[in-house]
Amino acid sequence: MSQAATRRVLSGIQPTADSFHLGNYLGALRQWVALQDSYETFYCVVDLHAITVPTEPADLRRRSRRAAAQLVAMGVDPARSALFVQSHVPEHAELAWVLGCLTGFGEANQMTQFKDKSAKQGTAAASVGLFTYPILQAADILLYSPPPGAGELLVPVGEDQRQHLELSRTLAQRFNHRYGETFVLPDAHIPKATAKITDLQEPTAKMSKSSSTPQGIIDVLDEPGVARRKIMRAITDTGTEVTADEQNKPGVTNLLRIFSALAGEPIEDLERRYAGTGYGQFKKDLAQLTVDTLAPIRERTEKLLADDDQLDRILGQGAERASAVATRTMAIVRDRVGFVGRG
Ligand code: TYM
């Protein structure tokens with residue numbers, strides 16, 4: 001790769017709750033922060049995705065700002081990253097249309113997240129937007145593609161997004177094949193240790209905004225006492241040994257993964273430290289570590305939320321930087337697809 005290679009990162013998060021949770025933080029957002037050191041980074045609050053399920057306008061507006069505030073509080077640096085709201089850059093929706101026209105109905109129908117999310121009310125009641133959701137996600141990603149052969153495009157996400165990432169690679173490839181080399185194929189960045197943080201009450205299921213009970217989920221903005229209680233009451237498994245064993249001890253294994261990620265210590269070291277101590281001390285220490293990690297994020301978020309104007313300025317600047325790239329990509333796409341240029 002030449003020295004002038006453009007190394008970009010793009011990722012997104014839905015503003016569908018008042019707080020992000022520990023799964024978002026460990027699975028994705030910590031990587032967002034770390035990658036700022038070596039990549040040109042674009043981070044997007046995906047409000048268009050949020051309306052694929054019924055959403056109150058006031059909730060959406062509040063949660064979009066809360067999302068941005070939490071990201072900055074976690075270390076997304078607006079001076080280095082373009083932090084923006086998806087609906088501010090209309091090219092996302094425009095490219096999604098073009099990519100939708102390259103996606104087979106049967107292919108879209110393979111997406112397991114649609115099946116999961118529409119299972120409750122049935123597919124007939126689900127929106128078409130929910131069905132085409134992964135195509136919009138592919139557009140989010142590919143808009144920020146460097147020219148092919150001149151760079152890379154990395155997408156830090158949790159394991160649950162792997163299939164969507166595969167679709168975005170397929171669509172990039174198909175577009176390139178049909179219209180000429182336009183996009184690099186994006187690479188998923190899914191560190192294994194934190195790829196799937198699970199529910200504290202149901203440790204074989206993903207920790208999730210939509211399906212976890214409040215006791216199963218640690219919110220980034222939980223009051224310290226609340227977070228502590230949730231960890232102390234987390235389901236542990238039969239036996240007393242603090243050892244990782246996915247099959248037989250999914251609860252303890254999940255807590256060990258969280259501990260290891262927060263402390264930056266290998267799981268084996270933790271197993272050694274807690275050999276023979278039982279679950280109590282281990283949970284107490286994990287609760288303290290969690291509170292110590294989240295408290296400063298919560299404080300910074302509250303400060304940022306006290307000044308809407310400043311937050312909106314940050315998002316305005318982010319949208320400007322994102323737009324500069326997105327409009328360039330879209331101009332190339334329009335031309336390649338054969339749309340007549342505007343005179
Ligand atoms: P969302 O908003 O559900 O989640 C944001 C990020 O958090 C990760 N994540 C987890 N990681 C580990 N363990 C968990 N329990 C856990 N729960 C959530 C998700 O994998 C994700 O990385 N479709 C995306 C949003 C999106 C996007 C994009 C992502 C839209 N456009 C473009 C990347 C690139 C979503 O719903 O994430």
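Refer to the structure printed above.
Please read all numbers here as calculations on a predicted model, not as lab measurements.

**Q** How should the overall build of the protein be read in this particular structure?
**A** Per the secondary structure count, the protein includes 13 helices and five strands. Principal-axis analysis of the C-alpha atoms places the extent of the protein at approximately 75 × 45 × 45 Å. A separation of at least 24 residues holds for 75% of the contacts in the protein among residues at least 6 apart in sequence. For the protein, the computed accessible surface area is about 16,000 Å², with 51% contributed by carbon and sulfur atoms. Charge centroids of the protein, computed over 39 positive and 41 negative side chains, lie 1 Å from each other.

**Q** In this structure, what is going on with the packing of aromatic side chains? I would like to understand it.
**A** Geometrically, a pair of aromatic rings is defined through the distance of the ring centres and the angle of the planes. Counted under the stated rule, the structure contains 10 aromatic pairs. With a centroid separation of 5.1 Å and 35 degrees between ring planes, the pair formed by F105 and F131 is classed as tilted. On the criterion of sequence distance, the pair formed by F105 in helix 5 (residues 105-108) and F131 in helix 7 (residues 128-142) is long-range, its members being 26 residues apart. Among the residues examined, F105 registers a relative accessible area of 61% and is labelled exposed. Through pairs of rings, three or more aromatic residues link up here, namely F42, F84 and Y144. The ring of Y39 carries R7 above its face, with NZ or CZ at 4.3 Å from the centroid.

**Q** So what exactly am I meant to see when it comes to the site of the ligand here?
**A** Around the ligand, 28 residues are found, and the nearest of them are Y133, D140, G158, D160 and I197. The contact in question runs from an oxygen atom of the ligand to an N or O atom on the backbone of G158, over 2.8 Å. Within the contact set of the ligand, a nitrogen atom lies 3.0 Å away from a side-chain nitrogen or oxygen of Q161. Bound to the protein, the ligand loses 97% of the 710 Å² it would expose on its own. Breaking the shell around the ligand down by element, the ones donating at least two residues are strand 1 (6-13), helix 1 (22-35) and helix 7. Among the residues making up the shell around the ligand, the classes are represented as 11 nonpolar, 12 polar and five charged.

**Q** It is not clear to me how the environment of V46 should be interpreted in this structure. Could you clarify?
**A** Relative to the helices and strands, V46 resides in the loop between strand 2 (40-45) and helix 2 (47-50). Residue V46 is classed as buried on the basis of its relative accessible area, which comes to 5%. Along the sequence, V46 and D199 sit 153 residues apart, while their C-alpha atoms lie 24 Å from each other. The contact partners of V46, leaving out residues within four places of it in the chain, are G12, I13, Q14, P15, Q86 and D140.

**Q** Explanation requested: helix 8 (residues 162-179) in the structure shown.
**A** Given 3.6 residues per turn, any residue in an α-helix points the same way as the ones three and four places further on. Over its 18 residues, helix 8 extends 26 Å from the first C-alpha to the last, a length consistent with the 26 Å expected when each residue adds 1.5 Å. Taken as a whole, helix 8 has its buried residues at H164, L165, L167, S168, L171, A172, F175 and N176. Phi turns positive one or two residues past the end of helix 8, at G180, with a value near 105 degrees.

**Q** I'm lost on the nonpolar core in this one. Help?
**A** The tendency in soluble globular proteins is for nonpolar side chains to be buried side by side. Judged by nonpolar contacts, the single largest core of 56 residues is most densely connected at Y25 and L71. Of the residues forming this core, the biggest block, eight residues, is contributed by helix 12 (residues 279-305). Beyond its immediate chain neighbours, meaning those up to four positions away, Y25 contacts R30, M74, V220, L262, T293 and I297. By size, the runner-up hydrophobic cluster in this structure holds 39 residues, among which are A96, V98, Y144 and A172.

**Q** Is there a simple way to think about the pairing of strand 4 (residues 151-156) in this case?
**A** It is a general feature of regular strands that their side chains alternate between the two faces of the sheet. Within strand 4, six of the six residues are buried, which leaves the element mostly enclosed by the surrounding structure. Side chains G151, L153 and V155 project from strand 4 onto one buried face, and the interleaved E152, L154 and P156 project onto a second face that is buried too. Pairing geometry for strand 1 and strand 4, over four bridges, is parallel. Residue V9 lies in a different strand from strand 4, and its bridge partner there is L154.

**Q** I tried to follow the sheet that holds strand 2 on my own but got confused; where do I start?
**A** Consider a sheet: its strands pair through backbone hydrogen bonds, and that pairing is either parallel or antiparallel. Overall, parallel pairing links the five strands, which are arranged 3-2-1-4-5 in an open sheet. Strand pairing shows two members of the sheet lacking a second neighbour, strand 3 (81-85) and strand 5 (187-189), which therefore form its edges. The mean inter-strand angle of the sheet, taken between neighbouring strand axes irrespective of direction, is 25 degrees. Strands strand 1, strand 2 and strand 3 of the sheet are contacted by helix 3 (residues 57-74), whose axis makes an angle of about 150 degrees with strand 2.

About the criteria used
Residues numbered from 1 in each chain as written. Predicted model: local features only at pLDDT ≥ 70, side-chain atom pairs only at ≥ 80, totals over all residues. Heavy atoms only, no water. Helix = DSSP H or I, 4+ residues; strand = E, 2+ residues; numbered from the N terminus. Contact = heavy atoms within 4.5 Å. Areas by Shrake-Rupley, 256 points an atom, 1.4 Å probe, with all protein chains shown as cover. Lys, Arg positive; Asp, Glu negative; His and termini not counted. Charge placed at Lys NZ, Arg CZ, Asp CG, Glu CD. Phe/Tyr/Trp six-rings, centres within 6.5 Å; stacked < 30°, edge-to-face > 60°. Buried < 20%, exposed > 50% of the residue type's maximum accessible area, 1.4 Å probe, protein only. Lys NZ or Arg CZ within 6 Å of the ring centre and 35° of its normal. Near = heavy atom within 4 Å. Polar contact = N/O pair within 3.5 Å; in protein donor to acceptor, adjacent residues only side chain to side chain. Nonpolar A, V, L, I, M, F, W, Y, C, P; charged D, E, K, R; others polar. Expected span 1.5 Å × (residues − 1). Core = buried A, V, L, I, M, F, W, Y, C linked by side-chain atoms within 4.5 Å. Pairing = 2+ DSSP bridges. Axes fitted to C-alpha atoms, helices over the stretch in contact; angles between N-to-C directions.

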